[in-house]
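Results of the structural survey
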Amino acid sequence: MTDSNLSAPLAALRGAVPPAPGWFRDALACAPERSLVGVAGAGVETLAWGERGSPGLLLTHGNGAHADWYSFIAPLLARGRRVVAMSWSGMGGSEWRPAYSLDLYVEEAFAVARAAGLFDADVAPVFAGHSFGAFPLMACAGRAGEQLGAVVLMDAPLLSREQRAARRARRGPSRPHTRPARFYPTLEDALSRFRFMPEQRCEHLFIADHVARGSLRPVPAPDGQGSGWTWRFDPSLWSRYTSTDLADELPFARCPVAILYGARSGLVDASVVEYMRGLLPGEAPVVRVPDADHHVMIDQPLATVAALDGLLAGWPG
């Protein structure tokens, strides 16, 4: 694959939809229930598959992503389960807030899970989050984990102070938190600028195309002439976000916690996994997904389903 696949994986398609295998088409044909759940004054986009009353699984996404990053694997996980994917406020189809916080995101996770019926089963639900989406779930486990069956942290780069310092030294100056929303005059232009963060090659362009289209919304042109496209996330979210040190949350986890990561991940390696395991009060199962980078559900969707199925089978219920 060329470097263009790394920095602009969809550019060569020129707006065309790439061919997709049957399993992917069949999964997307299983349309979810779509709703907005009101949480602390903002509507939170919620997608649900499966029957209420079945064992529950909540899926949360990473920075700048949205609930439809799971719409091609959630139906496969919903066999005998109630599976819910949500978009954090300020991202995807959720509403924007004047300010954001880890505390609010913890509230959103539990509120969505309750509204979508994940607590209707006889067994407690499992929460699974990818990348940044795993951080609020660490706090969920530490603050109210007795309400959960387990938490799965998927390629979640929780670093020690020393690891953070070393990574900053390698990367150089950080980017500003607030940047103006970008405008693209055509859908082709917008899709051609889609890339993964951190950048990585993508073998499954049909998945990249699916999540990229779900990341965009139509908007009027800045000059008032015509319309175009922009990203759906709030560009000033991180300048208005407050958090706590999650290393202070994990030691108090009140439910089982598992760690799943990509074998080629540029954010999570064995040292990061060992740091997180050392913070947890009990033993944490670890699943290393072969031939996967940071975005494990994009790189190895079926292996990710199998890994989650295996972890879920190991917990009561």
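A brief look at the structure comes next.

About the thresholds
Numbers given to residues run from 1 along each chain, matching the order in which its sequence is written. The predicted origin of the model limits local features to residues at a pLDDT of at least 70 and limits the giving and counting of side-chain atom pairs to 80 or more, whereas totals for whole chains, interfaces and linings rest on all residues. Computation of side-chain values: all heavy atoms of the structure, hydrogens and water removed. Think of it this way: any DSSP run of H or I at least four residues long counts as a helix, any run of E at least two long counts as a strand, and we number them from the N terminus. For this measure, only C-alpha atoms enter the radius of gyration; the expected value for a globule follows 2.2 Å times N^0.38, where N is the number of residues. Type-normalised accessible area, obtained with a 1.4 Å probe on protein chains alone, sets the label of each residue: buried when under 20%, exposed when over 50%, and partly exposed for intermediate values. Should any heavy atoms of two residues lie within 4.5 Å, those residues are considered in contact. Surface accessibility in these figures is a Shrake-Rupley result with a 1.4 Å probe; residues are shielded only by whichever protein chains are displayed. By the counting scheme adopted, Arg and Lys are positive, Glu and Asp are negative, and His together with the chain ends is not counted. A charge is said to be at NZ when it belongs to Lys, at CZ for Arg, at CG for Asp and at CD for Glu. Basic side-chain nitrogens of Lys or Arg form a salt bridge, by our definition, when they fall within 4 Å of a carboxyl oxygen of Asp or Glu. Strands pair, by our definition, only if DSSP identifies at least two bridges between them. Lines fitted to C-alpha atoms define the axes here, with helix axes fitted over just the stretch in contact, and angles between the N-to-C directions of these axes take values from 0 to 180 degrees. For this analysis, a polar contact is any N or O atom pair within 3.5 Å, provided that within protein one partner can donate a hydrogen and the other can accept it, and provided that sequence-adjacent residues contribute only side-chain to side-chain pairs. Put simply, buried Ala, Val, Leu, Ile, Met, Phe, Trp, Tyr and Cys residues joined by side-chain atoms within 4.5 Å make one nonpolar core. The span expected for a helix works out to 1.5 Å for each residue beyond the first. Here the aromatic set is Phe, Tyr and Trp, taking the six-membered ring for Trp, and pairing holds for ring centres within 6.5 Å; pairs whose planes are under 30 degrees apart are stacked, those over 60 apart are edge-to-face, and all others are tilted. Only lysine NZ and arginine CZ atoms are considered, and such an atom sits over a ring when it is within 6 Å of the ring centre and within 35 degrees of the ring normal. Detection works on a 1 Å grid of protein atoms alone, calling trapped sets that fit a 1.4 Å probe cavities and calling open sets with protein on both sides within 12 Å along at least five of seven lines pockets, with lining residues defined by an atom within 4 Å of a point. Grid points are joined across faces, edges and corners, and a volume is the space filled by probe spheres set on the points. Throughout this entry, Asp, Glu, Lys and Arg are counted as charged residues, while Ala, Val, Leu, Ile, Met, Phe, Trp, Tyr, Cys and Pro are counted as nonpolar. The remaining residues, Gly among them, count as polar.

**What about the overall build of the protein?**
When you go through the protein residue by residue, the secondary structure sums to 11 helices and 12 strands. Compactness check: the protein gives a C-alpha radius of gyration of 19 Å against a globular reference of 20 Å for 317 residues, within 12% of the reference. By principal-axis analysis of the C-alpha atoms, the protein measures approximately 55 × 45 × 40 Å. Residue burial in the protein is summarised as follows: out of 317 residues, 53% are buried. Intrachain contacts of the protein at a sequence separation of at least 6 include 76% that bridge at least 24 residues. About 13,700 Å² of surface is accessible on the protein, with carbon and sulfur atoms providing 54% of the total. The protein carries 30 positive and 32 negative side-chain charges, and their two centres are separated by 4 Å.

**Some points on the pattern of salt bridges**
As enumerated under the stated definition, the model contains 18 salt bridges in all. Among the ionic pairs, E45 bridges to R34, the shortest N-O distance being 3.9 Å. Here R34 lies in strand β1 (residues 33–39) and E45 lies in strand β2 (residues 42–49), a separation of 11 residues in the sequence. Its relative accessible area of 11% is what places E45 among the buried residues.

**Topic: the sheet that holds β1**
The strand order across the open sheet formed by eight strands is β1-β2-β4-β3-β6-β7-β11-β12, and the pairing between neighbours is mixed. Strands with a single pairing partner mark the edges of an open sheet, and in this sheet they are β1 and β12 (286–289). Pairs of neighbouring strands in the sheet enclose a mean axial angle of 20°, with direction left out of account. Sheet strands touched by helix α5 (residues 135–144): β3 (56–60), β6 (126–130), β7 (150–154) and β11 (257–262). Its angle to β6, the strand with the most contacts, is close to 150°.

**Description of the side chain of T46**
Inspection of the secondary structure assignment puts T46 in strand β2. Only 3.1 Å separates the side chain of T46 from the backbone oxygen of V44, close enough to count as a polar contact.

**So, the nonpolar core**
The nonpolar side chains of soluble globular proteins are, as a tendency, buried together. If you look at the biggest cluster of nonpolar residues, it comprises 53 residues, and the most contacted ones within it are F127, M138 and V151. Listing elements by their share of this core, those giving two or more residues are β1, β2, β4 (82–86), α4 (102–115), α5, β7, β11 and α9 (270–279). Not counting residues up to four positions away in its chain, the partners in contact with F127 are L58, A109, F110, A113, L137, C140, L148, A150, V151 and V152. Listed in part, the 49 residues of the second largest apolar core include A74, F194, F196 and M297.

**Quick notes on α4**
Side chains that are three or four residues apart share a direction in an α-helix, a result of its 3.6 residues per turn. Taking 1.5 Å as the rise per residue, α4 with 14 residues should run 20 Å; its terminal C-alpha atoms sit 20 Å apart, in good agreement. Within the span of α4, buried status applies to L102, L104, Y105, V106, E108, A109, F110, V112 and A113. One or two residues past the end of α4 sits G117, with phi positive at roughly 90°.

**Structural notes on the packing of aromatic side chains**
Enumeration over the complete set of coordinates arrives at 18 aromatic pairs. Measuring from centroid to centroid gives 5.8 Å for W23 and F24, while their planes differ by 90°, and the two rings are edge-to-face. Given a relative accessible area of 5%, F24 falls into the buried group. Each ring, one from Y105 and one from F132, has its centre 6.0 Å from the other, and the planes form 70°; the classification is edge-to-face. Taken together, the residues Y105 in helix α4 and F132 in the loop between β6 and α5 connect sequence positions 27 residues apart. A relative accessible area of 9% means that F132 is categorised as buried. Ring pairing ties together the aromatic residues W88, Y100, Y105, F132, F135, W238 and Y241, which thus form one cluster. A cation over a ring is seen here: R114 above F119, with NZ or CZ 4.1 Å from the ring centre.

**Observations concerning empty space enclosed by the protein**
Overall, the coordinates contain one cavity of 30 Å³ or more when judged by the stated rule. Of the voids in this model, the largest cavity is the one considered here, and its volume is about 30 Å³. What lines the largest cavity is G64, A65, H66, M91, G92, S215, R232 and F233. When grouped by side-chain class, the residues that make up the lining of the largest cavity number three nonpolar, four polar and one charged.

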